[in-house]
Amino acid sequence: MGKNEKLLVLKKVSLEAIPDGGTFLDGISFLTDKRRLLGTIRAAKSWTQEVIKEVRSARDPNPWRNSTDEEIAGEILRKIEERENAPRKS
């Protein structure tokens, strides 16, 4: 698993650890529950593999069909960052 794939897994885990509107205490609770932490990591790895597979198998035109998992994960991360940095609508 490459750097971008690992970062995508961590991004997914972070969303589970502290959901929208969550607090620091949610994060502490998550990190101190070993079973929940490990289960979330496993689920995030599976989710990452599935998302990459879906991107690769999307209908044409599909510029990602012959890309590596690492390249696809990098593009997904780029799109997530774009959305996170986009101006919020009031």
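In case you missed it, the structure is sitting above this.
On a predicted model such as this, the values are computed, not experimentally measured, just so you know.

Undergrad: How should the overall build of the protein be read in this particular structure?
TA: The helix and strand inventory of the protein stands at 4 helices and 0 strands. What you see in the protein, going N to C, is helices and strands ordered as α-α-α-α. Here the protein holds 90 residues, and 22% of them are scored as buried. Taking all contacts inside the protein whose residues are at least 6 apart in sequence as the whole, residues at least 24 apart take part in 49%. Carbon together with sulfur atoms contributes 55% to the accessible area of the protein, which is approximately 7000 Å² in total. Computing the positive centroid from 18 side-chain charges and the negative centroid from 15, the protein places the two 2 Å apart.

Undergrad: Looking at this structure, how should I read the packing of aromatic side chains?
TA: Aromatic ring pairs: the centre-centre distance and the angle between the two ring planes describe each pair. Counted according to the given criterion, the structure contains 0 aromatic pairs. Its guanidinium or amino end placed over the ring of W47, K12 lies 4.9 Å from that ring's centre, counting from NZ or CZ.

Undergrad: Mind showing me how you'd approach a nonpolar patch on the surface here?
TA: On the surface, F24, L25 and I28 cluster together into a nonpolar patch covering about 360 Å² of accessible area. Structurally, the position occupied by L25 is in helix 2 (residues 24-31). Its relative accessible area of 63% is what places L25 among the exposed residues.

Undergrad: Explanation requested: the nonpolar core in the structure shown.
TA: As a rule of thumb, nonpolar side chains are buried together in soluble globular proteins. L8, V51, I52, I72, A73, I76 and L77 together form the largest nonpolar core, which totals 7 residues. The set of elements that each furnish at least two residues to this core consists of helix 3 (34-56) and helix 4 (69-85). Residue contributions to this core peak at 4 residues, all from helix 4.

Undergrad: Just to check I follow, could you spell out the side chain of T40 for this structure?
TA: Tracing the backbone shows T40 in helix 3. At a separation of 2.7 Å, a polar atom in the side chain of T40 contacts the main-chain carbonyl oxygen of R36. Look past the residues within four positions of T40 in its chain and what remains in contact with it is V13, E16 and F30.

Conventions adopted
Residues numbered from 1 in each chain as written. Predicted model: local features only at pLDDT ≥ 70, side-chain atom pairs only at ≥ 80, totals over all residues. Heavy atoms only, no water. Helix = DSSP H or I, 4+ residues; strand = E, 2+ residues; numbered from the N terminus. Buried < 20%, exposed > 50% of the residue type's maximum accessible area, 1.4 Å probe, protein only. Contact = heavy atoms within 4.5 Å. Areas by Shrake-Rupley, 256 points an atom, 1.4 Å probe, with all protein chains shown as cover. Lys, Arg positive; Asp, Glu negative; His and termini not counted. Charge placed at Lys NZ, Arg CZ, Asp CG, Glu CD. Phe/Tyr/Trp six-rings, centres within 6.5 Å; stacked < 30°, edge-to-face > 60°. Lys NZ or Arg CZ within 6 Å of the ring centre and 35° of its normal. Patch = residues over 30% accessible without salt bridge, like charges linked within 9 Å, V, L, I, M, F, W, Y side chains within 5 Å. Salt bridge = Lys/Arg side-chain N within 4 Å of Asp/Glu carboxyl O. Core = buried A, V, L, I, M, F, W, Y, C linked by side-chain atoms within 4.5 Å. Polar contact = N/O pair within 3.5 Å; in protein donor to acceptor, adjacent residues only side chain to side chain.

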